Every structure is written in C-alpha cells, then in structure tokens.
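Residue-level listing of the chains:
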Amino acid sequence: MSYMKEFTKGLLKENPNLVMLLGMCPTLAVTTMAQNGLGMGLATTFVLVCSNLVISLLKKVIPDTVRLPCFIVIIAGFVTFVSIMLDSFLPDLAEALGVFLSLITVNCIILGRAEMFACRNKVLPSVLDGLGMGLGFTMSLIVVGAIRELLGTGKIFGLQIMPDFVQPMTLFILPAGGFFTLGCVIAVLGVITKKKPRKVSCDNCPSREACTKLESKESA
Amino acid sequence: MELVRDLMIILFTGILTENFILNKFYGICPFLGVSKTTDGALGMGLAVTAVMVGASAVTYPIYHFVLVPLNIEYLNTVCFILVIAAFVQTVEMVLKKYVPALYSSLGVYLPLITTNCAVLGVTILNIDNEYGFVESVVNALAGGIGFLLVMVIFSGVRERISRCDIPKALEGTPVTLIAASITSLSFVGFSGIVDGIFGG
C-alpha cells in the first residue's frame, strides 16, 4: 500500500506544478494547446521516470560533492534521447515544443525529485514517485492547455467546442493569458483543497541552499 | 552598416518585443522567487546577464569547432549544460578570489543560475537561429537586459501588491501570476516598434 502512496501523492496532494510550484516555464510556454501540453507532459514523465530509475540505482556510486552535475548529465542524456525520438516520429510536436524540449533538462521538477527522492530511496518507490509526479505534471499541463485553447480558439484538442457566435478571446493564447490562466488554476485548486496556496518556495528546489542564504542576506 | 542594423534589431527585439520572461517564459522561477525586493531583482538580473553573455561566448566555439566537425551536434544539450555548470563555478571562484566585494553582492545568485532555463535557452536559441559569434553575444546581452528590466519593473509591482488587501483565495502565487499577466500585456504594446524604427 505504501508504494501506492508514492504514486498517488504526485497527482494532486503534492502536484509538482500546481502545489509545489516547480517547472513553471514549460507550463506557461507550451500550453497554448491541450495537445502540446499532453506531449510535453508525457515527454517530461518519461525523462523523470528514467532519471529517477538510474539515479536511485547509482545513488551509492555517485560522490555526494559532485552529485548535481552527475544528475544533470544523466537527465540531459535522456532528454537528448527523447528529442531525437520526437524529431523522427512526431516532428509536428517537436516543432511545437521547440526549445522547451531541450529545456526539460533544466526543469526543476526532475532535478528536484532526483535530489529529494531518488537519491535517498530504493528503485521501485523512485520509479513510482517519478511516474506519479510526471502524470501530475501532465494533468496540470492538460488542464491549463485546455482552458487556454477553449477560451483562445474555441477548441479543445482541435475539436470545435464553443458555438460559432462566441468570439474566441485571442488574449488567452498570448503569453499574458498563460500567466492569468495559471494564476487562476492555482487559486481554484487552493480553494478546493482548502489549503492556502504556498508561496513560491525553494523547499523542493535543488538550489534551495543558495536561496536560503539569499533570503537571510536580504533580511539582514 | 548592415551588421550594426542587424545587431540593433536583435537587441531591441530581445529587450522589448520578445522579452525573455514575459514573452518566451525563460527563467520564471527566479522571476517569481527573487523579485520580492528591487535589490534582489537587480542583483539577479545582473548576474543572469553576465552568465548568459559568457555562456553564449563559450558555447559558440564549442559547438562550431568541436561538435560540428565531429558530427555530434545532437549532444548539444548535454554538452552545453555541463559547460554552463562549469562556467558558473569558475566565475564564482574567480570572483571570490579577486573581487570579493562583487562576490559578496552577486555571488549568492550564481548557484541559482545553473538551472535557470534562460541560460541554456539562449545558447540553444543561438544555434537554432544560426547566429554568428557577434550575433550570439548580442542576443544574449539583449535577453539579459530584457530579463533585468522586467525583474526590476516587477519587483516594484510586487512591493505595491504586498501592501494591498487581496482576496484570500488569490494570496501568494496566484496574484503574482495575474500581475505578471498584466505586465506581459503592457509589453504587447511594444509589438511593431522594431519594424517602426528600422523600417522592417
């Protein structure tokens, strides 16, 4: 049963994107269409599961002092694999995701899970954790993408939903609409779960140490 | 003259119309995390600008003189992220040793930058757009200045927000994102300015 928990916690309760506020850049950038959100989410999930698997296998081999560069290289390797695969099999999706496909490397969800979970846990829980977090991320990308696509173009997954007489609001597929939609989704989720949405925190971020140093410096 | 004109177009486009934060969504984490005070925003912006320009200057020769001749261009992500990590580390050590004053004000931001997607993003964009060396560096400079500009503007917005009475559901991140949305909308006003100045 505890394995089940590792999987489900990423879906809603500790959703990496909407609750822990990690990986905001791709969330805003690729969600002009639900379909792109789905593609990005699945690509990230694949990289996350593979990197969690490899890192939890290698956790005793990697020296502690150079673990971040090691993690990054492992992650970048899988990202390269995914981008080559998408380039050859789904060129349209690869085109739509553009630079953000390569930028999965620096997605703080992946590095965050490696640092917080995979390098301290056994293989199976790490894989489940990666899968749950990845699917949670995918879900939030689809939700944000669907809202923006519906309001911005009147379609979801390319299917016409809005009746013809409703003018699509182009604003929502502009960058400004991305910020606005994500803000609203986070607020609504906060109300539903009756939890005060967290402030942007570095709790799960690999750069947390530097961040804390910074904050104590600012308050001094 | 042609070159100067091209460079000016890259510069203006990068700063105003295709701003890194508000239009391309690079570096949202530091944008949300470190923009609480103007000092923090300024320091982070300057550090990011410096690292972006440096990283572009370093990755250009690596890509064109190592990866291309060896026919392994597909390794660019792996290679660039390592180079950036090493570069940031080096800058940190050099600053610490020789310019301790600068290190104590900007040094804290440096470790945060390795995983900032603006830095990796600009190096990959330079390759995708097939920029030459000078164009790459100017593109990084433009991105950095744009980043700095928006960080500083937005830190002012956030200082105002912190003194406002906000509906409970929107407290924290949601209101920050909505404010960012309005800031982004205001930058849409610059669209067409580059064509206007340089005659398209």
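Reading the values: rules and limits
- Residues numbered from 1 in each chain as written.
- Chains lettered and ligands numbered in written order.
- Predicted model: local features only at pLDDT ≥ 70, side-chain atom pairs only at ≥ 80, totals over all residues.
- Helix = DSSP H or I, 4+ residues; strand = E, 2+ residues; numbered from the N terminus.
- Rg over C-alpha atoms; globule rule 2.2 N^0.38 Å.
- Buried ≥ 20, exposed ≤ 12 C-beta atoms within 10 Å, placed from the backbone.
- Contact = placed C-beta atoms within 7 Å.
- Core = buried A, V, L, I, M, F, W, Y, C linked by C-beta atoms within 7 Å.
- Axes fitted to C-alpha atoms, helices over the stretch in contact; angles between N-to-C directions.
- Parallel < 35°, antiparallel > 145°, perpendicular 65-115°, else oblique.
- Left-handed = near helix turned anticlockwise from the far one by under 90°.
- Expected span 1.5 Å × (residues − 1).
- pLDDT = per-residue confidence, 0-100.

A. Region of the structure containing the overall build of chain B. Scanning chain B for helices and strands turns up 10 helices and zero strands. N-terminal to C-terminal, the α/β element order of chain B is α-α-α-α-α-α-α-α-α-α. Computed over the C-alpha atoms, the radius of gyration of chain B is 18 Å, within 12% of the 16 Å expected from 2.2 N^0.38 for a compact globule of 200 residues. C-alpha atoms of chain B, sized along the principal axes, occupy 60 × 50 × 30 Å. Looking at the 200 residues of chain B, the share that counts as buried comes to 48%.

B. Highlighting the overall build of chain A. A tally of helices and strands in chain A yields 10 helices and two strands. For chain A, the N- to C-terminal ordering of α and β elements is α-α-α-α-α-α-α-α-β-β-α-α. Counting every position in chain A, which comprises 220 residues, the buried fraction comes to 51%. Contacts spanning at least 24 positions in sequence make up 75% of the contacts within chain A whose residues lie at least 6 apart.

C. Quick peek at the interface of chain A and chain B. The interface is formed by 46 residues belonging to chain A together with 40 residues belonging to chain B. Going through the elements one at a time, helix H2 (24–29), helix H4 (67–89), helix H6 (99–102), helix H7 (108–118), helix H9 (175–192) and helix H10 (208–219) of chain A are the ones with two or more residues in the side of chain A that touches chain B. For the side of chain A that touches chain B, the leading source of residues is H9 of chain A, giving 11 residues.

D. View of the nonpolar core. The biggest cluster of nonpolar side chains holds 115 residues, and the ones touching the most others in it are Val47 and Ile75 of chain A. Contact partners of Val47 of chain A, with chain neighbours within four places excluded, come to Ile75, Phe78, Val79, Val82, Ile104 and Ile110 of chain A.

E. Spotlight on the environment of Gly98 of chain A. Residue and element names in this part refer to chain A. Along the polypeptide, Gly98 turns up in the loop between helix H5 (91–97) and H6. Classification of Gly98 as partly exposed rests on a count of 16 C-beta atoms within 10 Å. Put simply, Gly98 and Ser83 are 15 residues apart on the chain and 9.8 Å apart in space, counted from C-alpha to C-alpha.

F. Examining the packing of helix H3 (residues 38–70) of chain B against helix H7 (residues 117–128) of chain B more closely. All names here are of chain B. The geometry of H3 relative to H7 is characterised by a closest axis approach of 9 Å and an angle of 40° between their N-to-C directions. Taken together, the axis directions place H3 and H7 in an arrangement best described as oblique. Along this stretch, H3 crosses H7, giving a crossing that reads as right-handed. Contacts from Val48, Val51, Met52, Ala55, Ser56, Thr59, Tyr60 and Tyr63 in H3 reach Ala118, Val119, Val122, Thr123, Asn126 and Ile127 in H7.

G. Spotlight on helix H3 (residues 34–57) of chain A. The terminal C-alpha atoms of H3 of chain A, which comprises 24 residues, lie 34 Å apart, in line with the 34 Å expected from a rise of 1.5 Å per residue. Of all 24 residues in H3 of chain A, 18 are buried; the element is thus mostly enclosed.

H. Focus on the confidence of the model for chain A. For chain A, mean pLDDT is 84; residues scoring 70 or higher make up 88% of the total. Mean pLDDT across the elements of chain A ranges from a minimum in H10 of chain A, with 59, to a maximum in H3 of chain A, with 93.

I. Geometry of H7 of chain B. The terminal C-alpha atoms of H7 of chain B, which comprises 12 residues, lie 16 Å apart, in line with the 16 Å expected from a rise of 1.5 Å per residue. When you tally the buried positions in H7 of chain B, you get 11 out of 12 residues, the bulk of the element. Regarding H7 of chain B, the residues found buried are Cys117, Ala118, Val119, Leu120, Gly121, Val122, Thr123, Ile124, Leu125, Asn126 and Ile127 of chain B. Those residues of H7 of chain B that are buried lie in contact with H2 and H6 of chain A together with H3, helix H4 (76–98), helix H6 (110–113) and helix H8 (133–161) of chain B. Of the residues one or two after H7 of chain B, Glu130 of chain B is the one with positive phi, at around 55°.

J. Region of the structure containing the environment of Ala76 of chain A. Relative to the helices and strands, Ala76 of chain A is located in helix H4. Along the primary structure Ala76 of chain A and Leu141 of chain A are separated by 65 residues, whereas in three dimensions their C-alpha atoms are 22 Å apart. With near-sequence residues (within four places) excluded, Ala76 of chain A lies in contact with Thr105 of chain A together with Thr77, Val78 and Ile81 of chain B.

K. Local environment of the packing of H9 of chain A against helix H9 (residues 173–188) of chain B. Contact pair H9 of chain A / H9 of chain B: the axes reach a minimum separation of 8 Å and the direction vectors enclose 170°. In terms of axis orientation, H9 of chain A runs roughly antiparallel to H9 of chain B. Every residue of H9 of chain B that contacts H9 of chain A at Pro175, Ala176, Phe179, Phe180, Leu182, Gly183, Cys184, Ile186 and Ala187 of chain A is listed here: Thr173, Pro174, Leu177, Ile178, Ala180, Ser181, Ser184, Leu185 and Val188 of chain B.

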